[in-house]
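If you want the building blocks of each chain, they are given just below.
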Amino acid sequence: MNTDLMTVLNILITLIFIYFVVMHGIYFLLILLGFFAQKRYHHGIQFREFKRISQSPLSPPVSIVIAAYNEEKVIVNTVRNVLQLRYPQFEVIVVNDGSEDNTVQLLIDYFKMQPFDKVYKKHVETKPVRAVYQSTTHPNLIVVDKENGRRADANNAGANYARYPIIAQIDADCLLEPDALIYMIRPFIYNRNVVAATGIIRPANGIEVDSSCKIVKRNPPDKWLPLFQYVEYLRSFQWARLGLSSLNSMLCMSGAFTFVRKEIFFAVGGANVNAVVDDFELTVSVHRYIHEHKKKGAMMEIAFVPDPGCYSQVPETLKAFWSQRNFWQRAILQSLLWNRDMACNPRYGMAGMFAFPFFFIFEAISAVVELLAYFIAVVVTVLRIDTPSVLMLLFIFGVLLGTLVSICAVLLQATTRMRQEKTGTIIRLLLAGFLEHFGYHQFHMFSRLAGIFDLLVRGKLAYGYRERTVYKTQADQEGTAPAPEDFPYGRDLV
Amino acid sequence: MTLFFLIAKALVILFGIVVTLSVWVVLFNPRAMRREASAKKGRTALRESILGYLRGEVHVSAFSSIAPEKEDLLIGLVAQIAEEYGESARQKLIYIFETTGTHHIVQNELRQLSESKSWHKRQRTATYLPYIAINNVIVPPLLRALEDKELMVRFSAAHSLAKIRATEAIVPILEKIALPARWPIERTIEIFIEMNSDAVDTLLEYLSFPGAKPDSKIYAISALGLQHTPKAVPAILAHLNHSNKEIRIHCARALGNIGSSEACPALCETMHDSEWEVRAACARSLGILKVKNALPFLLEGLGDPAWWVRYNSADSLAELGDEGVKALKEAFSHNDKFARNISRQVLQERNILKSDQGVSQ
C-alpha cells in the first residue's frame, strides 16, 4: 500500500483522536466548573433576598419584549404567563413581526387592545410599524404590529418602544417561572458591572400549566427526540454555559431568555438584522463592547443565572429539529467569521483567547471533524489497516467519551435541588444520555453540515420549517376547557 | 498509538465507574427519596412545634434538647416563621434561644460572626442574629460587622440592624455602605426604608451635619423621601439647589414622594434646571403633588428638548385632573410637534382619547 497514504491516514487518525479527547475533556471540565458555580450561586442567596427584590419600590423596572411571527398557537398563553410574573414593575411589549396568521387579532381580542399613538425615540432603524395597541385590561401590555423583518428587527422595534432600563427578550413560545424576573434581575441589582444576563432554559415539552398559564409541573418530555434534547440542554446549555460563564467566555445568551441593559443594547447597535440569528451575534457584540470600553477596576460582565427560569419548546419532529440545528449552526459560524478579529486577540480577554478558538474548533467545525472520523472508519475498514484497534479507539474517543460527559451531566443534576424525583425519569435521562450517540447525534451532525453548506454556499438566512404545540394543561387531563371569559375563540385556537 | 491506548484504557475504566455510579444512583434513589421525605417530615414537625410555642401550646423547654445537627434547621425555621408572623412573633421566638439547652447556639453564632474565615458563614450569621438573640446582645457585634472586609457581610449586618430598628447604626451604615461606585444606591436605601419612621430624625440630623459626604447625603435624602415624612421637606428643600446634580435629582424625587404641597414653588422653579434629569424628576414630582399652580411650568415642560421631561410633564398634567387634561388637549395645537405627540400619547394611555382622535402630526 502507498506509504504516503498511510502516513497521511495515520496523521489524520492521530489528530482526530486528539480532537475528541481535548473536546470532551474541555466539556467535562466546563461541566465541573458549572457545577461548582451553581453551588456558589445557591450559597450566595441570602435569606429574604428574593422577597425584598419582589417588594422593593427600588427594584429596576423591566421591559419584556416578545417577538412573535405566526405564533397564534401559543402567543396568548405566553403573554398571560408573562403578565403574572412576580415583580414590582414591568411592561410587556409583544412585537408582531408581520405574522400571516391570527397572532395580532388574538391578542387584540383577548386583551381588549386599542390602537394608540405611542411616541418613542427610534434608536435603531426597523421595518415600518403599522400600528401600536395598548391593552385596556392590562395597562402594562402593548402590541407593536410591524412589517416582517425577522426576529432581530422585531427585537429592535420592541427595544425602541421599551420604557425601562433593562430589556428582557423572550421567545413567543416561552413560559417563565413566576419568579423568573426576580432571579434574572438579581445580578443587575447587586453588581453594577453586569450589563447583560441569561439563565437556564429547559425544554417546555413536558411541563404542565394551570388554567391561568402558571407552570405547575416540570416533567421532562415524554417523547425520545425532545428527551435527547433535554439531556443536551442539561449538558451544553446548563452546565457547560455556566462553566463558560465563570470563565467570562459564554458567547451565546439564548435569544429565548436574554436580559440586557437598554443603553448597552443600543450602544452595540441593537440586534443585527443581517445575522442568521441575533442572539449569538448580540452576545459577541456585548463582549466586544465590554473589552473595548473597559475601565480599570470596573470590568463589565455578562451574568449567567443558574436557576431555571425559562421553558422553551424544542422540536418534536426530525424535520423541525433539522431546521433548528441547521439554523443554529449557521448562526455560530457566521458570527465567528464576522468577528474573527477577536479570535486569539488578547485585547478581548478570555472571550478572545479561549471562547473564540473553543467555539470555532469544537462547535463550528465539529460536524466536519466527526464526518471525517466516520470517513476514516470506513477507509480503514475497507483497506483493512489495523481495523479493530482504530475502530475501537474511534468508538471510545468519539462515542464513549461523549456518553460519559452526558451521563455526568445527568448525574450532577441529580445532586442539585433541581433533581428529578422519580427513579423512572432518572433512568430515562441516563438512557437518553447513552442512546443519543446512536442515531440522534449523527442526524444532528448532518443537520449541522447542511447548515455550514447553507451558509457558506447558499448564503441562506431564513429559519426554515418550524412547529409549535399547545401546552399541556391540567384541564386537559380533567377534560374541561379553560376558555377565558368573553373570549370568542375558545381554547382550541390558543 | 500506545499513548492513545493508555488513554482509552483509562477512559473505559472511568466509564465503568460512571456507569456503576449511575446504577448506584438509580438503585438508591428510592432510599434517598425516603430519607428526603423523612427529613421533610422532621422539618414539618419542628415547624409545628415552633408554631405551637407561639400559640402557647408548647413550652419553651421543649427546644432545649434539640439535636446539634438540627440547630441550623431550628434557626432557619425560626427566622422563616418570624418573617411570616411579624415583629411580635420574632420577639417571642427569641426566647427559644434563652433556655439552658439552646443558649450555646447564640454564643456559637456570635463567635462565628467575628472569627469565621468563611465570609459565607459570617454573612449567614449576620443575617440570622436578629431572630435568635435580643438587641442588647447583637447590636455591638453587628455594628462591628459593618466594618467587615467583605461587602456582603456588611450588607447583611446592615439589614439585620435595620430589622431591629437600631438607629445608632444609621450613621455607620451611611459611612460604611454608602459606596455608590461599588454598591447600588438602591440597595442601601432599602435598608433605611426597612427602619421605617425610626430612621427619620437621625437621617435629618445627618443632613445638617457639616462633614456629611455628598454620596451619603443622597442616600439620606432618598430614604427620607420614601418614608413620606413631611417634616423632612425643609431639609430637602435646602439641598434642592446643591451644586451636585445627583443630590438635586434625588431631592426632586424625594419631594414628590413625600407629597407635600409646600415643595411646589421650589419644584416649579427647578423646572428650569440646566440638567434634564433634574427637570424630569421635578415634572414627575409636580404630578404627584397635584398642585394647580404647577400647570404653566408643566405646559412649558411639554416642549422640553428631553423626552423624559416632555413625557413626565404631560403625565403630570393629566394627573392635575380636568384642567390638566384640557391643557393637554389644547397642546394639540402647540407649535412644537413633540409637544403635540406626547400630549396625545398620554391621553391615549389613560384612555381619555382614542387613536383616531387628536390632530395630525
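J.: Whenever I open this one, the overall build of chain A confuses me. Can you help?
T.: Helix and strand content of chain A: 16 helices and 13 strands. The globule rule puts the C-alpha radius of gyration for 494 residues at 23 Å, and the 23 Å found for chain A is close to it. Each principal axis of the C-alpha distribution contributes one length, and for chain A these read about 80 × 60 × 50 Å. Taken across its 494 residues, chain A has 50% of its residues classed as buried. Of the contacts made within chain A by residues no fewer than 6 positions apart, 79% connect residues no fewer than 24 positions apart.

J.: Please clarify how the overall build of chain B should be interpreted in this entry.
T.: A tally of helices and strands in chain B yields 19 helices and zero strands. Computed over the C-alpha atoms, the radius of gyration of chain B is 29 Å, more than 25% above the 21 Å expected from 2.2 N^0.38 for a compact globule of 361 residues. Along the three orthogonal principal directions, the C-alpha set of chain B runs to about 80 × 65 × 45 Å. By the burial criterion, 40% of the 361 residues in chain B qualify as buried.

J.: So what exactly am I meant to see when it comes to the pairing of strand β11 (residues 257–261) of chain A here?
T.: For a regular strand, side chains alternate in direction, first toward one face of the sheet and then toward the other. Residue and element names in this part refer to chain A. For β11, the tally of buried residues reaches four of five residues, placing the bulk of the element in the interior. Across five bridges, the pairing between strand β6 (residues 166–171) and β11 is antiparallel. Counted as the bridge partner of Ile 170 is Phe 257 from β11. When strand β8 (residues 194–203) meets β11, the two strands line up antiparallel, connected through three bridges.

J.: What's the story with the interface of chain A and chain B in this structure? I'm lost.
T.: Often the size quoted for an interface is simply the accessible area lost on bringing the parts together. Between chain A and chain B, the contact holds 35 residues from the first and 38 residues from the second. Of the residues contributing to the side of chain A that touches chain B, the split by class is 21 nonpolar, seven polar and seven charged.

J.: What's the story with the nonpolar core in this structure? I'm lost.
T.: Most often, soluble globular proteins have nonpolar side chains that are buried together. Ile 64, Val 65, Ile 66, Ile 93, Val 95 and Leu 107 of chain A are the most contacted members of the largest nonpolar core, which totals 146 residues. When sequence neighbours within four positions are dropped, the list of residues in contact with Ile 66 of chain A reads Thr 78, Val 92, Val 94, Val 95, Ile 170 and Ala 172 of chain A. Core analysis: the next-biggest nonpolar cluster, separate from the first, contains 91 residues, Met 195, Ala 223, Ile 236 and Leu 240 of chain B among them.

J.: Would you mind showing me how to read unusual backbone geometry here?
T.: For residues besides glycine, phi is generally negative; the peptide bonds are generally trans as well. Residues and elements named next belong to chain B. Non-glycine residue Asn 196 carries a positive phi angle of around 55°. Looking at the secondary structure, you find Asn 196 in the loop between α9 (185–194) and α10 (200–208). On the neighbour-count criterion, Asn 196 (11 C-beta atoms within 10 Å) is exposed. Positive phi, normally seen in glycine, also occurs at His 228, with a value near 55°.

J.: In this structure, what is going on with helix α17 (residues 307–319) of chain B? I would like to understand it.
T.: Note on helix geometry: an α-helix contains 3.6 residues per turn, so any two residues three or four positions apart are oriented the same way. All names here are of chain B. Given a rise of 1.5 Å per residue, 13 residues ought to cover 18 Å, and the 18 Å separating the end C-alpha atoms of α17 matches this to within 8%. The buried fraction of α17 amounts to 10 of the 13 residues, a majority that puts the element mostly inside the structure. Buried residues in α17 make contact with α15 (276–289), α16 (295–301), α18 (322–330) and α19 (337–349). A positive phi of about 95° marks Gly 321, the residue just after α17.

J.: What exactly am I supposed to notice about the sheet that holds β6 of chain A here?
T.: Working definition: the strands of a sheet are paired by backbone hydrogen bonds and lie parallel or antiparallel to each other. Residues and elements named next belong to chain A. One open sheet holds the 10 strands; their spatial order is β3-β4-β5-β2-β1-β6-β11-β8-β12-β7, and the pairing between them is mixed. Both outer strands of the open sheet, β3 (113–115) and β7 (175–176), are each paired with one neighbouring strand and no more. Judged from the nine bridges that link them, β8 and strand β12 (residues 301–312) form a sheet pairing that is parallel. Paired with Thr 198 across the bridge in β12 is Phe 304.

J.: What is the right way to read the packing of α17 of chain B against α18 of chain B from this model?
T.: The axes of two packed helices give the description: the angle between them and the distance between them. All names here are of chain B. Put simply, α17 and α18 touch, their axes get as near as 6 Å, and they point 135° apart. The orientation of α17 relative to α18 falls into the category oblique. Across the interface between the two elements, Ala 314, Leu 317, Ala 318 and Glu 319 from α17 touch Gly 324, Val 325, Ala 327 and Leu 328 from α18. Of the residues contributing to the contact of α17 with α18, the split by class is six nonpolar, one polar and one charged.

J.: Whenever I open this one, helix α14 (residues 423–435) of chain A confuses me. Can you help?
T.: Here α14 of chain A contains 13 residues, and its C-alpha end-to-end distance of 18 Å stays within 8% of the 18 Å for a straight helix at 1.5 Å per residue. Residues of α14 of chain A that are buried: Ile 426, Arg 428, Leu 429, Leu 430, Ala 432, Gly 433 and Phe 434 of chain A.

J.: Help me out: how do you make sense of the confidence of the model for chain B in this one?
T.: Low pLDDT marks regions whose predicted coordinates should not be analysed in detail. Here chain B shows a mean pLDDT of 88. Residues at 70 or above account for 96%. Among the scores for the predicted complex, ipTM is 0.77 and pTM is 0.85.

J.: Explain the environment of Val 276 of chain A here, please?
T.: Residue and element names in this part refer to chain A. Structurally, Val 276 can be placed in the loop between α8 (262–267) and α9 (278–292). For the pair Val 276 and Pro 61, spaced 215 residues apart in sequence, the C-alpha separation works out to 30 Å. Among all residues touching Val 276, those that are not within four sequence positions of it are Phe 327, Arg 330, Ala 331, Gln 334, Leu 455 and Leu 461.

J.: Any chance you could explain the confidence of the model for chain A here in plain terms?
T.: For chain A, the mean per-residue pLDDT works out to 87, and 94% of the residues sit at or above 70. Taken as a whole, residues 477–494 of chain A scores under 50 in pLDDT and shows 22 contacts with residues more than four places along the chain or in a different chain.

J.: Where do I start with the environment of Ile 66 of chain B in this structure?
T.: All names here are of chain B. Looking at the element boundaries, Ile 66 is found in the loop between α1 (2–55) and α2 (71–85). Ile 66 gets classed as partly exposed once you count the C-beta atoms within 10 Å, which come to 18. Sequence separation of Ile 66 and Val 12 is 54 residues, and the distance between their C-alpha atoms is 48 Å. Here Ile 66 is in contact with Glu 71, Leu 74, Gly 101 and Thr 102, once residues within four sequence places are set aside.

J.: Sorry, what's going on with the environment of Phe 358 of chain A here?
T.: All names here are of chain A. With respect to the secondary-structure elements, Phe 358 resides in helix α11 (residues 349–364). Owing to 21 C-beta atoms within 10 Å, Phe 358 belongs among the buried residues under this scheme. Residues Phe 358 and Leu 33, 325 residues apart in the sequence, show an inter-C-alpha distance of 16 Å. Every residue in contact with Phe 358, bar those within four places of it in the chain, is listed here: Ile 26 and Ser 249.

Cut-offs and rules
Residues numbered from 1 in each chain as written. Chains lettered and ligands numbered in written order. Predicted model: local features only at pLDDT ≥ 70, side-chain atom pairs only at ≥ 80, totals over all residues. Helix = DSSP H or I, 4+ residues; strand = E, 2+ residues; numbered from the N terminus. Rg over C-alpha atoms; globule rule 2.2 N^0.38 Å. Buried ≥ 20, exposed ≤ 12 C-beta atoms within 10 Å, placed from the backbone. Contact = placed C-beta atoms within 7 Å. Pairing = 2+ DSSP bridges. Nonpolar A, V, L, I, M, F, W, Y, C, P; charged D, E, K, R; others polar. Core = buried A, V, L, I, M, F, W, Y, C linked by C-beta atoms within 7 Å. Expected span 1.5 Å × (residues − 1). Axes fitted to C-alpha atoms, helices over the stretch in contact; angles between N-to-C directions. Parallel < 35°, antiparallel > 145°, perpendicular 65-115°, else oblique. pLDDT = per-residue confidence, 0-100.

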